[in-house]
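Secondary and tertiary structure notes
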Amino acid sequence: MNQLDRLRGSTPAKRHNARTIAALTGNPGCSRRAVLDAAGVDKVALASRIGFPGNFGQSRFALARGNAFEAMLKADDCALLRSVLDVGVVGYHDLGADSDDTLGARHERTRGLLASATSALIDHPLLTLEVGGQTVFLEPDLIAFQSEGRLRVVEIKSFAIVDGQADSAAVSSAAVQAAVYVLALRALLGEDRVSHEVVLVCPANFSLQPVAVVLDVRKQLSTLRRQLSRLSSVSSLISSFPPSVSFDLALSPSTLIESLSLVDARYAPECLSSCEMSVYCREEASGATAALGRSVRESLGGIEEVSVALDLARGAVAPAPDQAEAAALLRQAARLRAEALS
Amino acid sequence: MSTLVALARAQAFEAGRAQPIATVRHLHVHDRPFVLIPLAMAGEANAPLAAMVGTVASEPRLLVVSQPRNRDERFAFAAELAGQLVPYLESFAGETEAVPVDRGRDVRYRFVDAPQVWVPNSGGVDFLRLLGRSTRFRRVDGDYPVPPSVPLLGRWLTFLAGSAEMPGSALFPTTVQALMLHWATGQSGAEDNHLGSLLAWIESGAEAAREAERGPVAGPATDPDFDNHVLTPLIADADPGLPKVLHDLLLPTWAGMWRALDLLRGLPPGARVASRWDGDRDAYSAYVQHLAEDGAPQPRRDGAVAAAARLQRLENAAARYAVQRAFDDPLVMAEYRLAGAAFGGVVTLAAPDRVDDTGKRPVLRPRIMVATTETVRVEAGATLTSPARPAQKAKVISVTATATGYDVLLELSGGMGRKLVAEPGSVPSVGETLLLTTLSEAYRPGAAFPEPADTPWTHGGPPTEP
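Source: prediction; values computed, not measured.

**Section: the overall build of chain B**
- When you go through chain B residue by residue, the secondary structure sums to 13 helices and 16 strands.
- If you line up chain B on its principal axes, its C-alpha atoms span 85 × 60 × 45 Å.
- Residues classed as buried in chain B amount to 42% of the 466 residues present.
- For chain B, the proportion of contacts with a sequence separation of at least 24, taken over those separated by at least 6, is 64%.

**Some points on the overall build of chain A**
- The secondary structure content of chain A amounts to 14 helices and eight strands.
- Of all 342 residues assigned to chain A, the portion counted as buried reaches 37%.
- For chain A, the proportion of contacts with a sequence separation of at least 24, taken over those separated by at least 6, is 64%.

**A word on the environment of Arg139 of chain B**
- With respect to the element layout, Arg139 of chain B can be found in the loop between helix H3 (122-136) and helix H4 (149-164).
- Taking the C-alpha atoms as reference, Arg139 of chain B lies 7.4 Å from Pro151 of chain B; in sequence the two are 12 residues apart.

**Quick notes on the domain arrangement of chain B**
- Segmentation of chain B into domains returns domain 1 (3-298) and domain 2 (336-437).
- Here domain 1 of chain B and domain 2 of chain B have C-alpha centroids that lie 45 Å from each other.

**What to know about the domain arrangement of chain A**
- You can read the domains of chain A as domain 1 (3-56 + 229-269), domain 2 (60-215) and domain 3 (289-341).
- Taking only C-alpha atoms, the centre of domain 1 of chain A and the centre of domain 3 of chain A are 33 Å apart.

**Some words on the nonpolar core**
- Ranked by size, the top nonpolar core spans 203 residues in total, and within it Val180, Val182, Ala309 and Leu330 of chain A together with Leu7 of chain B carry the most contacts.
- Per-element tally for this core: the top contributor is helix H7 (residues 168-189) of chain A, with 10 residues.
- Ignoring anything within four residues of it in the chain, the contact list for Val182 of chain A reads Val153, Val194, His196, Val198, Val217 and Leu221 of chain A.

**Looking at the interface of chain A and chain B**
- With 40 residues of chain A at the contact, the number on the chain B side is 39 residues.
- If you list the elements that add at least two residues to the side of chain A that touches chain B, you get helix H5 (60-85), helix H12 (294-299), helix H13 (306-314) and helix H14 (324-341) of chain A.
- Considering every element that reaches the side of chain A that touches chain B, the biggest residue donor is H14 of chain A, with nine residues.
- Tallied by class, residues from the side of chain A that touches chain B come to 24 nonpolar, 11 polar and five charged.

**Topic: the packing of H7 of chain A against helix H8 (residues 218-231) of chain A**
Residues and elements named next belong to chain A.
- Axis separation between H7 and H8 bottoms out at 9 Å; the angle between their running directions is 70 degrees. Our classification of the angle between H7 and H8 gives roughly perpendicular. The hand of the H7/H8 crossing is right-handed. Side by side, H7 and H8 meet where Ala175, Val176, Ala179, Val180, Val182 and Leu183 of the first sit next to Gln220, Leu221 and Leu224 of the second.
- Looking at the contact of H7 with H8 residue by residue, the classes come out as eight nonpolar, one polar and no charged.

**Some thoughts on the pairing of strand E16 (residues 433-437) of chain B**
Residue and element names in this part refer to chain B.
- In terms of burial, E16 is largely enclosed, as four of its five residues are buried.
- Both strand E9 (residues 342-351) and E16 contribute to a ladder of five bridges, which runs antiparallel. Each bridged residue has a counterpart across the sheet, and for Val346 the counterpart in E16 is Thr433.

**What about the confidence of the model for chain B?**
- Mean pLDDT for chain B: 90, with 100% of residues reaching 70 or above.
- Scoring the predicted complex yields pTM 0.89 and, for the interface, ipTM 0.87.

**A closer look at the packing of helix H5 (residues 175-182) of chain B against helix H7 (residues 195-203) of chain B**
Residue and element names in this part refer to chain B.
- Where H5 contacts H7, the axes come no closer than 10 Å and their chain directions differ by 30 degrees. It follows that H5 is roughly parallel to H7 by the angle criterion. As for how H5 packs across H7, the hand of that crossing is left-handed. Contacts between H5 and H7 involve Thr175, Val176 and Leu179 from the first element and Leu195, Leu198 and Ile202 from the second.
- Residue composition of the contact of H5 with H7, grouped by class: five nonpolar, one polar and no charged.

**Re the sheet that holds strand E4 (residues 61-64) of chain B**
All names here are of chain B.
- As summarised here, the arrangement of the four strands in space is E4-E3-E2-E7, forming an open sheet in which the pairing is mixed. Each end of this open sheet is capped by a strand with a single partner; those strands are E4 and strand E7 (117-118).
- Pairing geometry for strand E2 (residues 34-40) and E7, over two bridges, is parallel. Directly across from Val35, in E7, lies its bridge partner Trp118.

Quick notes on the rules
- Residues numbered from 1 in each chain as written.
- Chains lettered and ligands numbered in written order.
- Predicted model: local features only at pLDDT ≥ 70, side-chain atom pairs only at ≥ 80, totals over all residues.
- Helix = DSSP H or I, 4+ residues; strand = E, 2+ residues; numbered from the N terminus.
- Buried ≥ 20, exposed ≤ 12 C-beta atoms within 10 Å, placed from the backbone.
- Contact = placed C-beta atoms within 7 Å.
- Domains from an automatic or database assignment.
- Core = buried A, V, L, I, M, F, W, Y, C linked by C-beta atoms within 7 Å.
- Nonpolar A, V, L, I, M, F, W, Y, C, P; charged D, E, K, R; others polar.
- Axes fitted to C-alpha atoms, helices over the stretch in contact; angles between N-to-C directions.
- Parallel < 35°, antiparallel > 145°, perpendicular 65-115°, else oblique.
- Left-handed = near helix turned anticlockwise from the far one by under 90°.
- Pairing = 2+ DSSP bridges.
- pLDDT = per-residue confidence, 0-100.

Shown next as structure tokens:
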């Protein structure tokens, strides 16, 4: 039993997927998220165990549409997918469904198939990626298209592209996820065999008619590489924890909160839309200027605490030498605000 | 975010109540607004699920699509929405007033009032923009005909969504943005996007706001839990109870939007709000005329020339709106004072009758000295204006540092009558407190753009399609 398993306790590990790896790039300074993800802790269960459940469900309607769109593309031996990708007659290999006991075998078959360099559409390949000093299996919901020895990631998404434009948040998260797959494929096959251009297949306008667009993910790739290299320090961070730190869900909420408080979080309001622990972190960060938004903290001269900022604005405390500039700004702001409101 | 707004957020956090960040109301609030809360089906590309609409707080009208994936029902919904919204939009195309143009040489007409449609948040605007896109090209004949009101609704929605992008326009405002313009809460801007939470900060405080977070969403996206546990069985069984459930879901948002309107009406309007509404009435009048004459739907994408012209209009509107808000509201102006783009001071010397006779004709150029304790980041030669005398320009002659701040010597021109003696009160007198700023309300002429047929090759050349 290694250190990470001990942190997680008796529950089985949550596996990484492209989404969790992509989320690591959202708030790279947060050790708490990095540690919990590295240990495979079920964050949804942990958050509700300590009494701060988030709301991260996915609507059944959205799932149904996503599945319907994918099924439509793959029907009749991928007829529609072939025509939208314009790939002609190539083989189609489905490497099978999500299951824990076939991981090793599926990974071997993936490796063999990809290495063979035959032109083919390869569905559900099982990839591995080095994350925080751990080798994790990735269950990509993707098709790799192999042609003339080069691989391209094909990602099927069900958000609509209307008049050549789509929701920017949806596109950027799709791009980051695709970049994760590119990275994992490159780790397996080498840099030059996998294209940095990925193909996004989405419904066009208001129909279910598919359209394929090419995205360049070089920027996302370099961000990911940087974040992942940073994460390798997680192992050393974990080894510095006192032995009492554990996120075993069988422990009492108060013990769990004690463990959490020993791992630094970097809360920002953006976490609320992406991290399962965010409601707890928000509670914990209450009173910090950063909890009001990163821009608020910057506008308050980088002062960390709301109460300190207000005291400085009132002139109630003498500023520390490094706060002098911020204090002058805050006092002036408070004076102007009071004058305008009087 | 400006330091003043950040400070107000910190104060709101400490007080547990929202704090004002404006002393006047910066947008026109209609006497007879149309409130519209759209609700979308998750996953689908712009499938309406329901809408609560109306012009009277006590009479919400609910439109429901019982099978949102059915396209016929979608367009039936659009026709029903058109039946509510289009008569309201057209009801202002009646009485007109004459507006002099070209320095009084000509006259044009505009309607004396215009519609105002409120949605809860910017998601609502985006949803209706897409609904406009999906309906404005529909044919009333051919294979899949729709009622004539459907493409008309699409055109109107596209017009409204376009005006929502125009800074300072009040034709299609959102409640969340209108409230955030006037109050700062003790939470982040991201959390403010929840209308219930934002309203609770203003009306009752921090604790109520946390409570409201768990309350119903203001759409257009629904809560996944609601989808999975409530909506799925109702839609699957075509349950007649669906309208009741959706009515109960939307009613708190409906009530909140009307309370927000009352909150906004409680603020005194800024002096320049009416002139911006005049601009909105111009836009409305022009679009009514377009529909009457030609009625072609807006294109899918603007051409290069049209897009450039539109971008410039938006930029001008944004600059004008920022200046007007600062001139209307000392609390907004305070942000510019903090940044050094404006300063307040007291007139210590005044030569109101000074005449400059070095040129061909003698001209009235009074000089005043203003002493200020604030930071002055202007240099000699800069032109300043004062919100109290917007027609008057003050040229900086010199800035001298003193023991307490700065002495600024200014030469005035304009806004003093046509004689060589200034009209009484038009020159600031000794002892008067004065605010001076580099912001200017001066008219910005539009740039010249080529005809679409002369689009340069750098911008794709002349458009090929008609």
